[in-house]
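So the chains spell out like this:
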Amino acid sequence: MAGLDDVVVVNTCAVTAEAARQARQTIRRIKRERPDVPIVVTGCAAQAEPEQFAGMGQVDRVIGNEEKLSASSWLQTRAALESSSANKISVGDIMVVKRHTMHAIDGIERHTRAFMQVQNGCDHRCTFCIIPYGRGNSRSLPMNEVVAQARRLVERDYREVVLTGVDITSYGTNLPGTPRLGALVKRILKDIPELARLRLSSIDSVEADGDLLDALGDEPRLMPYLHLSLQAGADLILKRMKRRHSRSQVIAFCNQVRRLRPDVAFGADIIAGFPTETEDMFAGSLDLVDECGLSQLHVFPFSPRPGTPAARMPQLDRTIVKDRARRLREKGAAALCRYLNGEIGAQRRVLTERGGIGRTEQFTPVRLAAPVEAGAILDLTMRGHDGRQLLAA
Ligand code: SF4
């Protein structure tokens, strides 16, 4: 890489204050273990707080999220490392980046499923979130490029493609003609009939467009699992979070999708203990699990991220935050158990992975009765579960 053979690159995450703290801890540990090797720091925490990292004696260079994608900036990094007088920081204004230059393939999983990042950044400013300061504003990969990339994945035998992004329901806002996510989904499915399964990562329900709802109703190859960015169940908290939906809107959304696609399953991200959340308001988050029929919960105990508006709001006691997170997780575990109970006896189409497991169309993990080659799609009857995954007959 640009002649940088003996350099440690630390790619940081900024999503919580804890993630940034761990990055600093990692940098100190690496320097202790390898004192002679230069350390270059990049990623979202470095982008959002470059001076903090440049101020660490262990760090030789800080480069931004956009800069890390260009070969020339790594050549400059080599030159800067050779010159002790060079400025340590090479971090541009991520807010002016208009083009999505990330590599579209975000990851692969057990040779069956590929993740494609079709969008990056976010135009919203939720009061608890630091992500836009690390990733910049929303920008998307043009449809032609997405389709070409998905086609290459199918040619390499991937059975399932997952569309990912920071805010994928804002797909297309910066592209000519402003195509929406629904149009992209329809286009991929139409242009690549060999693609067995198309799946969406987390979505913002208020941004779901008409074509996306049509596709959920009409396209069996669009997988019936939606992970919703709900965050809270009380309108006042949603407002203080600067979310764009109300409680009643998400409940109506889930009901609408369920009418269009009766076999759909829902998951959600919910934050417990946001500043000013009362016990009544928290009860609204607990209720939402039943009202929306959620079966997968990702619970985040609120932790203030320095530099965000929510960090300046009146905070709840940590014990209350932790207790609410625990109660919400228990609620989630019970909802999952209820969902798995309802699956017993059902016949489900399972995409097999390595290691004797697979996933239903609703993304529920399945333990197979006998090992099967990865990448097969089988119709299997569910005979039970172990509280976490289904057991196939
Ligand atoms: S929509 Fe998501 S990424 Fe954007 S600011 Fe809100 S929480 Fe952060």
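Quick summary incoming for the structure in this document. (Residues numbered from 1 in each chain as written. Predicted model: local features only at pLDDT ≥ 70, side-chain atom pairs only at ≥ 80, totals over all residues. Heavy atoms only, no water.)

**Quick word on helix H12 (residues 318-343)**
Phase 1 of the analysis: Between its first and last C-alpha, H12 extends 37 Å over 26 residues, near the 38 Å set by a 1.5 Å rise per residue.
Phase 2 of the analysis: Restricting attention to buried positions, one finds in H12 the residues Val321, Arg324, Ala325, Leu328, Gly332, Ala335, Leu336, Tyr339, Leu340 and Glu343.
Phase 3 of the analysis: Taken from the residues just after H12, glycine 345 is the one with a positive phi, measuring 95 degrees. (Helix = DSSP H or I, 4+ residues; strand = E, 2+ residues; numbered from the N terminus. Expected span 1.5 Å × (residues − 1). Buried < 20%, exposed > 50% of the residue type's maximum accessible area, 1.4 Å probe, protein only.)

**A short note on the nonpolar core**
It is characteristic of soluble globular proteins that their nonpolar side chains tend to be buried jointly.
Phase 1 of the analysis: Among the nonpolar cores identified, the biggest contains 56 residues, and Leu163, Val185, Ile188 and Leu200 are the most heavily contacted of them.
Phase 2 of the analysis: Ranked by residues supplied to this core, first place goes to helix H6 (residues 143-155) with six residues.
Phase 3 of the analysis: Apart from the residues lying within four places of it in its own chain, the contact partners of leucine 200 are Val162, Leu163, Ile168, Leu181, Val185, Leu212, Leu222, Tyr225 and Leu226.
Phase 4 of the analysis: If you look at the next biggest cluster of nonpolar residues, it comprises 19 residues, including Ala23, Ile39, Met56 and Val62. (Core = buried A, V, L, I, M, F, W, Y, C linked by side-chain atoms within 4.5 Å. Contact = heavy atoms within 4.5 Å.)

**Re the pairing of strand S9 (residues 160-164)**
Phase 1 of the analysis: Taking burial as the measure, the five residues of S9 include five buried ones, the bulk of the element.
Phase 2 of the analysis: Taking every second residue as pointing to the same face, both faces of S9 are buried, with Glu160, Val162 and Thr164 on one and Val161 and Leu163 on the other.
Phase 3 of the analysis: Across four bridges, S9 lies against strand S10 (residues 197-200) in parallel orientation. Among the inter-strand pairings, valine 161 is bridged to a residue of S10, identified as leucine 198. (Pairing = 2+ DSSP bridges.)

**Notes on the pattern of salt bridges**
Phase 1 of the analysis: Considering all chains together, one arrives at 28 salt bridges under this definition.
Phase 2 of the analysis: With its nearest N and O atoms 4.0 Å apart, the salt bridge here joins arginine 305 to glutamate 49. With a gap of 256 residues between them, arginine 305 in the loop between strand S13 (294-301) and H12 and glutamate 49 in the loop between helix H2 (44-48) and helix H3 (50-54) connect regions that are remote in the sequence.
Phase 3 of the analysis: The exposure class of arginine 305 is buried, given its relative accessible area of 2%.
Phase 4 of the analysis: Classification of glutamate 49 by relative accessible area gives buried; the value is 17%.
Phase 5 of the analysis: Arginine 324 is paired through a salt bridge with glutamate 279; the nearest N and O atoms lie 3.4 Å apart. Taken together, the residues span a long stretch of sequence, with arginine 324 in helix H12 and glutamate 279 in helix H11 (residues 279-292) at a distance of 45 residues.
Phase 6 of the analysis: With a relative accessible area of 6%, arginine 324 lands in the buried category. (Salt bridge = Lys/Arg side-chain N within 4 Å of Asp/Glu carboxyl O.)

**Observations regarding the site of the ligand**
Phase 1 of the analysis: Looking at the ligand, the residues that line it are Cys122, His124, Cys126, Phe128, Cys129, Pro132, Val166, Arg243 and Arg244.
Phase 2 of the analysis: Its residues placed into classes, the shell around the ligand shows six nonpolar, one polar and two charged. (Near = heavy atom within 4 Å. Nonpolar A, V, L, I, M, F, W, Y, C, P; charged D, E, K, R; others polar.)

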